[in-house]
Amino acid sequence: MSRTFTRLPLLARLYLLVAAADVVGALVAVQTGLAHTGRAIGSGTAINGPIFFLVAQLTVVTAAVAWRGRRAGTLAAALLVVMGLASVLSGLGDGSYTATLTVVQRAVQIVLVTAITLTIPIAAAQVIEAARRRTRTSIASA
């Protein structure tokens, strides 16, 4: 691993894995006939999310990491928790987890869902850390 990658906070590294899995998922979906390019990119498939959602996630994670310890970073981390839950739970609602997939497609799906699932407690920990810091500051100033 490069030094630059290992210096990134864990949340950023996990979202890079999410992004890579989403891109690979879109490519695999198109190459295996699961979806045409427009659908894979525009609305996503059982093995990748729509591009707009990926861009939104990457924008929010950038804010959460860049502004960690500030209100904007805390709000971004809280939004990541909501986005992560929405992403994982949407697979239950739309049948993605029960879809008939090839071994390669299922592997991509598992990597993507696992990576997203791992981001949820990491982002939540950032929110909890900020809340504790604010509580300590409030108590100390009282």
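Everything discussed here concerns the structure shown above.
Now for a look at the structure at hand.

The rules behind the values
Residues numbered from 1 in each chain as written. Predicted model: local features only at pLDDT ≥ 70, side-chain atom pairs only at ≥ 80, totals over all residues. Heavy atoms only, no water. 1 Å grid on protein atoms, 1.4 Å probe; cavity = no way out; pocket = protein on both sides within 12 Å on 5 of 7 lines; lining within 4 Å. Points joined across faces, edges and corners; volume = space filled by probe spheres on them. Helix = DSSP H or I, 4+ residues; strand = E, 2+ residues; numbered from the N terminus. Nonpolar A, V, L, I, M, F, W, Y, C, P; charged D, E, K, R; others polar. Patch = residues over 30% accessible without salt bridge, like charges linked within 9 Å, V, L, I, M, F, W, Y side chains within 5 Å. Areas by Shrake-Rupley, 256 points an atom, 1.4 Å probe, with all protein chains shown as cover. Salt bridge = Lys/Arg side-chain N within 4 Å of Asp/Glu carboxyl O. Buried < 20%, exposed > 50% of the residue type's maximum accessible area, 1.4 Å probe, protein only. Axes fitted to C-alpha atoms, helices over the stretch in contact; angles between N-to-C directions. Parallel < 35°, antiparallel > 145°, perpendicular 65-115°, else oblique. Left-handed = near helix turned anticlockwise from the far one by under 90°. Contact = heavy atoms within 4.5 Å.

Comments concerning the layout of surface pockets
And step 1. For the largest pocket, the calculated volume is near 440 Å³.
And step 2. If you trace the largest pocket, you find 26 residues lining it, with T45, N48, S90, D94 and S96 closest to the centre.
And step 3. Those elements giving two or more residues to the lining of the largest pocket turn out to be α4 (51-66), α5 (71-93) and α6 (103-141).
And step 4. Element by element, the count of residues in the lining of the largest pocket is highest for α5, at 5 residues.
And step 5. A breakdown of the residues in the lining of the largest pocket according to their chemical character gives 12 nonpolar, 11 polar and 3 charged.

What about a nonpolar patch on the surface?
And step 1. Together, I41, I51, F52 and V55 make up a nonpolar patch on the protein surface, roughly 380 Å² of accessible area in all.
And step 2. Note that V55 resides in helix α4.
And step 3. You can call V55 partly exposed: its relative accessible area is 46%.

Things to note about the packing of α4 against α5
And step 1. Where α4 contacts α5, the two axes come as close as 8 Å, and the packing angle between them is 150 degrees. Accordingly, the angle class assigned to the pair α4 and α5 is roughly antiparallel. Two packed elements cross with a definite hand, and for α4 against α5 that hand is left-handed. Side by side, α4 and α5 meet where F53, A56, Q57, V60, V61, A63 and A64 of the first sit next to G73, A76, A77, L79, L80, M83 and S87 of the second.

Quick word on the environment of V111
And step 1. The residue V111 is located in helix α6 in this model.
And step 2. Separated by 24 residues in the primary sequence, V111 and S87 place their C-alpha atoms 14 Å from one another.
And step 3. Contact partners of V111, with chain neighbours within four places excluded, come to L17 and A21.

Points about the side chain of S87
And step 1. Topologically, S87 is positioned in helix α5.
And step 2. A residue is classified by how much of its surface remains accessible, and S87, at 19% relative accessible area, is buried.
And step 3. Every residue in contact with S87, bar those within four places of it in the chain, is listed here: F53, Q57, Y97 and I116.

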